[in-house]
Amino acid sequence: MSHYKIIFGGPVGAGKTTAVAAASDIPPVRTDAAASDEVRSIKPLTTVAMDYGLMKLADGSTIHLYGTPGQDRFDFMWEILTMGGIALILLVDNSRADPVKDMRFYLQAFKDFISRTAVAIGVTHTDAAPLPELSAYAQALEEEGMSCAPIFTVDARNKRDICLLIEAVLSVIDPLARA
Ligand SMILES: Nc1nc2c(ncn2[C@@H]2O[C@H](COP(=O)(O)OP(=O)(O)OP(=O)(O)O)[C@@H](O)[C@H]2O)c(=O)[nH]1
Ligand SMILES: [Mg+2]
């Protein structure tokens, strides 16, 4: 039996809180608070500390899911939350102004953690904003020396999509791992 910790990172509104809730087998813990000014135009609530959820695997193993706050004024939580983690799932909102740049920003912000572990990228909101295409992210990943990082379009509200991302990132670490 294994116990893994996976962290969800990415910008405000990408769907970190939604993804943790969708994938969790227990009622998730959230720390949403009313958003201030610039974030309120995106959505009324924002994570101020962390999200927590738990996936229970058939063999009794567990995957602890931690969502970070997207706002960089809470970036001190990013380091705290990655402690003991085995992988990062980076969610990027395709409907933002420059989502490929967002991906680069968070890859940079979590680079020490990623260099020790693994990363998979989920591009959300492609139903509302089909462009840019995944190839633009793939090119940026190649430029960052991460051409093998798994990347998918996902809907953070869809449990199967989030499970696919989790399985992908675990398979980078251990090709025999099953989520
Ligand atoms: N249309 C659409 N909506 C989505 C998709 N993924 C997530 N959402 C919605 O986008 C919103 C994301 O909100 P949160 O989950 O709070 O975002 P977050 O990443 O936790 O944001 P912060 O905590 O503020 O950093 C929710 O209303 C989701 O229902 C998607 O693929 N398409
Ligand atoms: Mg959140």
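Up top is the structure.
Read on for a plain summary of the structure. (Residues numbered from 1 in each chain as written. Chains lettered and ligands numbered in written order. Predicted model: local features only at pLDDT ≥ 70, side-chain atom pairs only at ≥ 80, totals over all residues. Heavy atoms only, no water.)

### Things to note about the overall build of the protein chain
Quick reminder of the rule: The secondary structure listing takes helices from DSSP runs of H or I that are at least 4 residues long and strands from runs of E that are at least 2 residues long, numbered from the N terminus. Atoms counted for the radius of gyration: C-alpha only. Globule rule: 2.2 Å times residue count to the power 0.38. Classification of residues uses two cut-offs on accessible area relative to the type maximum, computed with a 1.4 Å probe and protein chains only: under 20% is buried, over 50% is exposed, and between them is partly exposed. In this analysis, two residues are considered to be in contact whenever any of their non-hydrogen atoms come within 4.5 Å of each other. Method for areas: the Shrake-Rupley scheme with a 1.4 Å probe, in which residue coverage is limited to the protein chains shown. Positive: Lys, Arg. Negative: Asp, Glu. His and the chain ends are not part of the count. A charged residue contributes its charge at one atom only: NZ of Lys, CZ of Arg, CG of Asp or CD of Glu.
Looking only at helices and strands, the protein chain has seven helices and eight strands in total. Against the compact-globule benchmark of 16 Å for 179 residues, the protein chain has a radius of gyration of 15 Å, which places it among compact chains. Counting every position in the protein chain, which comprises 179 residues, the buried fraction comes to 47%. For the protein chain, the share of sequence-separated contacts (at least 6 apart) that also reach a separation of at least 24 residues comes to 70%. Of the roughly 8800 Å² of accessible surface on the protein chain, a fraction of 54% belongs to carbon and sulfur atoms. Counting 16 positive and 22 negative side-chain charges, the protein chain places the averaged centre of each group 5 Å from the other.

### Structural notes on the coordination of the magnesium ion (ligand 2)
To keep things clear, this is the line we draw: For Na, K and Ca the donor cut-off is 3.2 Å, while for other metals it is 2.8 Å, and in both cases only N, O and S atoms qualify; water is not among them, so sites may look incomplete.
Every protein donor of the magnesium ion (ligand 2) is listed here as Thr17 (OG1) and Thr47 (OG1), and their distances to the metal cover 2.0 Å. Here the residue threonine 17 occupies a position in helix H1 (residues 16–23), and threonine 47 occupies one in strand E3 (residues 45–47), the gap between them amounting to 30 residues. Each of the two residues, threonine 17 as well as threonine 47, counts as buried.

### Considerations on the site of ligand 1
Formally: Nearness of a residue to a molecule or strand requires only that one of the residue's heavy atoms be within 4 Å of it. Polar contact is the term for a pair of N or O atoms within 3.5 Å; when the atoms are in protein, one must be able to donate a hydrogen and the other to accept it, and sequence-neighboring residues count only if both atoms are side-chain atoms. In this classification, the charged set is Asp, Glu, Lys and Arg, the nonpolar set is Ala, Val, Leu, Ile, Met, Phe, Trp, Tyr, Cys and Pro, and all remaining amino acids, among them Gly, are polar.
In the region of ligand 1, 20 residues are neighbours, and Lys16, Thr18, Lys43, Thr46 and Thr47 sit closest. Interatomic distance of 2.9 Å between a side-chain N/O atom of aspartate 127 and a nitrogen atom of ligand 1. Here ligand 1 loses 83% of its free accessible area of 670 Å² to cover by the protein chains. Within the residue set of the shell around ligand 1, elements represented by two or more residues are H1 and E3. If you tally residues by element for the shell around ligand 1, the top one is H1, at three residues. Here the residues of the shell around ligand 1 are counted per class, giving six nonpolar, nine polar and five charged.

### Digging into the side chain of threonine 62
Here threonine 62 shows up in strand E5 (residues 62–67). Excluding residues within four positions of it along the chain, threonine 62 makes contact with Ser2, His3, Tyr4, Leu54 and Met55.

### Some thoughts on unusual backbone geometry
Cis geometry marks the peptide bond from leucine 131 to proline 132; its omega dihedral reads 0°. Structurally, proline 132 is set in the loop between strand E7 (119–124) and helix H6 (134–143). Within the chain, histidine 125 stands out as a residue other than glycine whose phi angle is a positive 60°. By secondary structure assignment, the location of histidine 125 is in the loop between E7 and H6. On the basis of relative accessibility, which here comes to 31%, the residue histidine 125 falls in the partly exposed class.

### A word on the pairing of E7
Keep this limit in mind: Here, strands pair whenever DSSP counts at least two bridges between them.
With six of its six residues buried, E7 lies for the most part within the structure. Side-chain alternation along E7 places Val119, Ile121 and Val123 on one buried face and Ala120, Gly122 and Thr124 on a second face that is also buried. Where E7 meets strand E8 (residues 151–153), three bridges bridge the pair, whose relative direction is parallel. Paired with valine 123 across the two strands is threonine 153, which belongs to E8.

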